[in-house]
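# Remarks on the overall topology
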Amino acid sequence: MKFAVISRGDEHSNDIKSKLQIHLENKKLEMDNDNPNIVITVGGDGTLLYAFHRYKSILDHTAFVGIHTGHLGFYADWSVDEMVFLALEVAKEQAQIVEYPLLSVELTFHDEQAPISYLALNESTVKSVAPTLVVDVEINNAPFECFRGDGLCFSTPSGSTAYNKSLGGALIHPSIPVMQMAEMASINNRVYRTIGSSLVFPEHHIVKLYPNNQDQFRLSIDHLNSIHTNVKTITFKVSERTVRFARYRSFPFWNRVRDSFIGMGR
């Protein structure tokens, strides 16, 4: 079993990382930062997102697990006090592997630039550099609406508890292979109309955005941001690839939702 430990970078997280590495190496596990079988993050959900993008090329044989050094997270669900127990469980190599859907994003351009593809674990957002985003939305090759507003957010089920939730989107169990589109401050009046609610698409559906008189777009992929010009289309769908998490105990998704947004259960 080869492992890697990724820290958030603060002093406390780095200290936990060092201690965890010692525990795992004492149990004859091999540290391999290039091609690990399991990646353990120490920090928060943002640290796990960073690790996901670092190891996205080897998702088919890498699993993730997170230790939180702050608040309980949706990905980082082990506490610092449980570090020794987690090391023991990792050494047994008997984890239950669960797979969650990912979001596929592809940009094409008007010039000869090659298409660019991305994977998102949580969400991808599209915004205009100008004040208002104007895009034609196509669902499965059929025109749906002309969106005008601040932007659009496409999320995975596991990412439905993040930015999507703040936009009024639905919370979706991460075992369901779907994606969700939520609006950001859409313009609705006598002239402009949008659907006005989030939409959930099954894995075989494709949503394509066509820019409408915009020169630049601000695209986010989880915590990563970039600006693109000369964009022809932006396509979203449920990816054929998945992310793998190592489970050593039961921690139901709805319990995480309750504990994160309502309070700890009785």
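Being a predicted model, the structure only gives us computed values, none of them experimental.

### Description of the overall build of the protein
Secondary structure assignment for the protein yields 5 helices and 16 strands. Over its C-alpha atoms the protein spans a radius of gyration of 20 Å, differing by no more than 12% from the 18 Å that the globule rule assigns to 266 residues. Counting only C-alpha atoms, the protein reaches 65 × 50 × 35 Å along its principal axes. Taking all 266 residues of the protein together, the buried fraction comes to 48%.

### Looking at the packing of helix H1 (residues 11–26) against helix H3 (residues 83–92)
The N-to-C vectors of H1 and H3 enclose an angle of 40°; their axes lie 10 Å apart at closest approach. Crossing angle aside, the handedness with which H1 passes H3 is right-handed. In this structure, H1 contributes Ile16, Lys19, Leu20, His23 and Leu24 to the contact, and H3 contributes Met83, Val84, Ala87 and Val90. Taken together, the residues of the contact of H1 with H3 sort by class into 7 nonpolar, 1 polar and 1 charged.

### Some remarks on the nonpolar core
Membership of the largest hydrophobic core comes to 26 residues, with the highest contact counts inside it found for Val207, Leu209 and Phe236. When contributions to this core are tallied by element, the ones reaching two or more residues are strand S6 (96–109), strand S9 (133–139), strand S10 (142–155), strand S11 (178–186), strand S12 (199–202), strand S13 (207–211), strand S14 (216–221) and strand S16 (231–247). Setting aside residues no more than four positions away along its own chain, Val207 makes contact with Val137, Glu138, Ile139, Phe154, Met179, Met181, Phe201, Ile234, Thr235 and Phe236.

Quick notes on the rules
Residues numbered from 1 in each chain as written. Predicted model: local features only at pLDDT ≥ 70, side-chain atom pairs only at ≥ 80, totals over all residues. Heavy atoms only, no water. Helix = DSSP H or I, 4+ residues; strand = E, 2+ residues; numbered from the N terminus. Rg over C-alpha atoms; globule rule 2.2 N^0.38 Å. Buried < 20%, exposed > 50% of the residue type's maximum accessible area, 1.4 Å probe, protein only. Axes fitted to C-alpha atoms, helices over the stretch in contact; angles between N-to-C directions. Left-handed = near helix turned anticlockwise from the far one by under 90°. Contact = heavy atoms within 4.5 Å. Nonpolar A, V, L, I, M, F, W, Y, C, P; charged D, E, K, R; others polar. Core = buried A, V, L, I, M, F, W, Y, C linked by side-chain atoms within 4.5 Å.

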